[in-house]
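Close look at the chain arrangement
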Amino acid sequence: MRIRKIITSGCSFSDSVTPYTWPNQLESYITKNIDDNVRFDHRGLSSQGQELIQKKASHAIYEALVTGYRPEEIAVFVMWSSVDRKSLYRDWE
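All of these numbers come straight from a predicted model, not from anything done at the bench.

Side note on the pattern of salt bridges
- For the coordinates displayed, the defined rule picks out 6 salt bridges.
- The shortest N-O distance in the salt bridge between aspartate 41 and arginine 43 comes to 2.8 Å. The burial state of aspartate 41 is the same as that of arginine 43; both residues are buried.
- Within this structure, Arg4, Arg70, Glu72 and Glu73 form a network of salt bridges that share partners.

What to know about the side chain of lysine 5
- Tracing the backbone shows lysine 5 in strand S1 (residues 5–10).
- Apart from the residues lying within four places of it in its own chain, the contact partners of lysine 5 are Val38, Arg39, Asp41, Ala64, Tyr69, Glu73, Ile74 and Ala75.

Section: the pairing of S1
- Burial analysis of S1 places 6 of its 6 residues in the buried class, the great majority of the element.
- Alternating positions in S1 separate into two faces, Lys5, Ile7 and Ser9 on one and Ile6, Thr8 and Gly10 on the other, with burial throughout.
- Of the pairings in the sheet, the one linking S1 to strand S3 (residues 74–79) comprises 6 bridges and is parallel in character. Across the sheet, isoleucine 7 pairs through a bridge with valine 76, a residue of S3.

Some details on the environment of valine 17
- On the secondary structure map, valine 17 appears in the loop between S1 and helix H1 (22–33).
- For valine 17, a relative accessible area of 70% gives the class exposed.
- For the pair valine 17 and alanine 57, spaced 40 residues apart in sequence, the C-alpha separation works out to 17 Å.

Thoughts on the pairing of strand S2 (residues 39–42)
- Both S1 and S2 contribute to a ladder of 4 bridges, which runs parallel. Bridge pairing in S2 links threonine 8 to histidine 42.

Regarding helix H2 (residues 50–66)
- Its 17 residues place the ends of H2 24 Å apart at the C-alpha level, agreeing with the 24 Å of an ideal helix rising 1.5 Å per residue.
- Along H2, the positions that sit buried rather than exposed are Gln50, Ile53, Ala57, Ala60 and Ala64. All buried residues of H2 project into a common sector of 105 degrees when viewed along the axis, lining one side. Facing away from the buried surface of H2 by more than 90 degrees, the exposed residues are Lys55, Tyr62 and Val66.
- Among the structural elements, S1, S2 and S3 are those in contact with the buried residues of H2.

Here is what the cut-offs are and how they apply
Residues numbered from 1 in each chain as written. Predicted model: local features only at pLDDT ≥ 70, side-chain atom pairs only at ≥ 80, totals over all residues. Heavy atoms only, no water. Salt bridge = Lys/Arg side-chain N within 4 Å of Asp/Glu carboxyl O. Buried < 20%, exposed > 50% of the residue type's maximum accessible area, 1.4 Å probe, protein only. Helix = DSSP H or I, 4+ residues; strand = E, 2+ residues; numbered from the N terminus. Contact = heavy atoms within 4.5 Å. Pairing = 2+ DSSP bridges. Expected span 1.5 Å × (residues − 1). Arc of directions from axis to C-beta.

Functional significance is not addressed by these values, which are geometric in nature.
Here it is in structure tokens:
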């Protein structure tokens with residue numbers, strides 16, 4: 001089995017905009033030391049709750065499958081700071 005696609009998702013600790021977060025460090029390490037042909041899809045974002053983290057990861061998996069990746073070629077890593085994260089909408093009007 002060879003991993004060709006790595007999907008990451010999570011809260012601010014997984015935010016791909018910040019260069020020192022774990023998804024960026026993981027991508028840097030893998031592309032420099034293991035395989036520079038692995039493709040990454042980072043979906044982490046600050047302030048998102050469990051529901052959005054899960055939905056974004058699921059959507060990334062779906063997209064990978066419909067674009068031709070086999071299930072055994074996909075690795076998914078999800079991280080969040082606590083198990084009770086929630087997303088709330090508040091209408092201030």
